[in-house]
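An overview of the molecular structure
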Amino acid sequence: MRNSPLKIGDIELCSRALFAPMAGYSDLGARYLARLYGAGLTVSEMVSAKGLIFENKETQKLLDKTEIETPFAAQLFAHEPEILCRAVGLLPEGIDIVDINMGCPAPKIVKNGEGSALLKDPVLAGELVAAAVSGSKRPVTVKMRLGFEMGDFVADKVAREVEKAGAAMVTVHGRYREQMYAGEVDRNAIRKVRDAVDIPLIANGDVRTLRDYERMLTETEADGVMIGRGALGNYKIFADILGKSVRRTEREDILLQIDFLKREYPERIVVNLMKHHVSAYASGKAGVAKEIRDRVHHATNYIELFAIVDEYFS
Ligand SMILES: Cc1cc2nc3c(=O)[nH]c(=O)nc-3n(C[C@H](O)[C@H](O)[C@H](O)COP(=O)(O)O)c2cc1C
């Protein structure tokens, strides 16, 4: 199966390594870099289906994409099939794939029966996919976790339901909701989902290097790997996976990210968003990583932000 390119419905991806959606992190600049370095797919930050129906401007803005992001998936969260069906009908052009969030562990999402709460109700999970499929011509995919409570593995059951309902791909983050982001990723459990479905399976969790990527593919027998935190400030992981060389400096990447954010947000927000990104780049700088993080944490304007970039990333 891995000899032919990975496909989501009829959409062929140029790589088996996909960039994960991360609210507050996978903004336009981060996604541009992921794609530039060779990620097979970029996904929007999670977007409220209700927010789309109410034409909330902030929600709509999360679906803006850069000119090189094709294919691009919009990730929606919802718990009512009818709302989801209407929301997918409102997606703008340029969205190639609809992804449904069944993994978010945040209490404010879970208490509404959305995100990882859907793992407790495989039938509703299937109904949501069926509703999204009926409301859109685009392939519908699902991103989930292993289960809700620790050890209560249900991802195989949920994956079967969503496949039956028409899902074109499923991504599994190898942790339970109860774990949030702590503990080890369970690659054996992801492997069990592989056996449960015929649609492409993407494995996710704690991949930071080419070696981690290869290990994830081998141990889970997945069709692809989604990389989130391990790609922040390290977008070249996507080039490494393709065996491709991209000649860019970290400084160029950081300045490009700032440029993208400036198009969308005022100074205060750009500086705040860049705190995460600059801290991620700092991880690779032995000896000064903590100093960079401390300084960027206190930055309040462009002058301070650019001073840090000039001093540590020239
Ligand atoms: C800050 C943050 C925000 C996230 N936001 C989303 C999101 O909007 N949608 C989603 O499906 N997953 C979200 N995730 C989960 C990631 O997509 C991914 O499943 C998880 O981080 C494990 O993969 P990684 O170890 O490669 O980061 C988020 C994770 C983090 C750390």
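Calculation criteria
Within each chain, residue numbers correspond to sequence positions counted from 1 in written order. Whole-chain, interface and lining totals are the exception, using all residues; otherwise, since this is a predicted model, local features are given only for residues with pLDDT of at least 70 and side-chain atom pairs are given and counted only at 80 or more. Side-chain figures throughout are based on the complete set of non-hydrogen atoms in the structure, without hydrogens or water. Ring pairs shown here join Phe, Tyr and Trp side chains whose ring centres sit within 6.5 Å, with only the six-membered ring taken for Trp; geometry is labelled stacked below 30 degrees between planes, edge-to-face above 60, and tilted in between. Under the DSSP-based scheme used, a helix requires at least four consecutive residues in state H or I and a strand at least two consecutive residues in state E, with every element numbered from the N terminus. Each residue gets one of three labels from its accessible area relative to the maximum for its type: buried under 20%, exposed over 50%, partly exposed in between, using a 1.4 Å probe on protein chains only. For a lysine, the NZ atom is tested; for an arginine, the CZ atom; a charge sits over a ring if that atom is within 6 Å of the ring centre and within 35 degrees of the ring normal. The source of the domain bounds is an automatic or database domain assignment. Buried area is understood as the total, over both parts, of accessible area removed when two parts are fitted together, assessed with a 1.4 Å probe. The residue classification treats Ala, Val, Leu, Ile, Met, Phe, Trp, Tyr, Cys and Pro as nonpolar and Asp, Glu, Lys and Arg as charged. All others, Gly included, are polar. Any two residues having at least one pair of non-hydrogen atoms within 4.5 Å are treated as being in contact. Working definition: residue near molecule or strand if any one of its non-hydrogen atoms lies within 4 Å of it. Polar contact is defined as a pair of N or O atoms within 3.5 Å, subject to the rule that within protein one atom must be able to donate a hydrogen and the other to accept it, and that residues adjacent in sequence are counted only when both atoms are side-chain atoms. Throughout, the Shrake-Rupley method with a 1.4 Å probe supplies accessible areas, and for residues the shown protein chains are the sole cover considered. Criterion used throughout: strands pair if DSSP finds at least two bridges between them. Classification remark: right-handed applies to a crossover when, strands pointing away from the viewer, the course from the first strand over the helix to the second runs clockwise.

1. Some thoughts on the packing of aromatic side chains
Per the counting criterion, the structure on display carries six aromatic pairs. Ring geometry for Phe19 against Tyr235: centres 6.1 Å apart, planes inclined by 75°, an arrangement best described as edge-to-face. Here the residue Phe19 occupies a position in strand E3 (residues 17-19), and Tyr235 occupies one in the loop between strand E11 (224-227) and helix H10 (236-242), the gap between them amounting to 216 residues. The exposure classification of Phe19 matches that of Tyr235, with both residues buried. Among the aromatic residues, ring-to-ring pairing joins Phe19, Tyr235, Phe238, Tyr281 and Phe313 into one connected group. Directly above the aromatic system of Phe153 lies the positively charged group of Lys192, at a separation of 5.6 Å from the ring centroid. Just above the ring of Tyr302 sits the side chain of Lys262; from NZ or CZ to the centre is 5.0 Å.

2. Quick word on the domain arrangement of the protein
Accessible area lost upon the coming together of the parts serves often as the stated size of an interface. By domain assignment, the protein separates into domain 1 (7-242) and domain 2 (250-312). Summarising the inter-unit geometry, the C-alpha centres of domain 1 and domain 2 are found 27 Å apart. Buried surface at the junction of domain 1 and domain 2, both sides included, amounts to about 1300 Å², of which 61% is carbon and sulfur. Looking only at domain 1, the three residues that lose the most surface to domain 2 are Asp27, Leu33 and Lys61, adding up to 30% of its buried area. Of the residues forming the side of domain 1 that touches domain 2, the biggest block, five residues, is contributed by helix H1 (residues 28-36). In terms of residue class, the side of domain 1 that touches domain 2 is made up of eight nonpolar, four polar and three charged.

3. A closer look at the environment of Val278
Looking at the secondary structure, you find Val278 in helix H12 (residues 267-282). Judged by its relative accessible area of 0%, Val278 is buried. Placed 74 residues apart in sequence, Val278 and Asn204 show a C-alpha to C-alpha distance of 24 Å. Those residues within four positions of Val278 in sequence are excluded, and the remaining contacts are Ile254, Ile292, Val296, Leu305, Ile308 and Phe313.

4. Regarding the environment of Ala132
Relative to the elements of secondary structure, Ala132 occurs in helix H6 (residues 122-135). Each C-alpha atom of the pair Ala132 and Val88 lies 6.4 Å from the other, and the pair is 44 residues apart in sequence. If sequence neighbours within four positions are ignored, Ala132 has contacts with Leu84, Val88, Ile100 and Val140.

5. Observations regarding the site of the ligand
Taken together, 17 residues form the shell around the ligand, and within it Pro21, Gln75, Asn204, Asp206 and Arg229 come nearest. Pro21 is positioned such that a nitrogen or oxygen atom in its backbone is 2.8 Å from an oxygen atom of the ligand. Note that an oxygen atom of the ligand is positioned 2.8 Å from one of the side-chain N or O atoms of Arg229. With the chains in place, 89% of the 610 Å² that the ligand exposes on its own is no longer accessible. The residue makeup of the shell around the ligand, split by class, is eight nonpolar, six polar and three charged.

6. A short note on the pairing of strand E6 (residues 72-77)
With six of six residues buried, E6 is to be regarded as a mostly interior element. The alternating pattern of E6 places Phe72, Ala74 and Leu76 and Ala73, Gln75 and Phe77 on opposite faces, both of which are buried. In the sheet, strand E4 (residues 42-43) pairs with E6 via two bridges, with the strands oriented parallel. Following the sheet pairing, Thr42 is matched in E6 by Phe72. Bridge count between E6 and strand E7 (residues 97-102): four bridges; the pairing is parallel. Paired with Leu76 across the two strands is Ile100, which belongs to E7. Note that the unit made of E6, helix H4 (residues 81-89) and E7 has a crossover that is right-handed.

7. Some words on the side chain of His173
On the secondary structure map, His173 appears in strand E9 (residues 169-176). Taking the relative accessible area as the measure of exposure, His173 reaches 6% and is therefore buried. If sequence neighbours within four positions are ignored, His173 has contacts with Met144, Arg145, Leu146, Met180, Tyr181, Asn204 and Gly205.

8. Re the pairing of E9
With eight of its eight residues buried, E9 lies for the most part within the structure. Across six bridges, strand E8 (residues 140-147) lies against E9 in parallel orientation. Within the sheet, the bridge partner assigned to Val142 lies in E9 and is Val170. Tracing the backbone out of E8, into helix H7 (residues 155-164) and back to the parallel element E9 gives a crossover that is right-handed. As paired elements, E9 and strand E10 (residues 201-204) share four bridges and run parallel to each other. In the strand pairing of E10, Val172 is matched with Ala203. The β-α-β motif built from E9, the intervening helix H8 (residues 187-196) and the parallel element E10 has right-handed crossover chirality.

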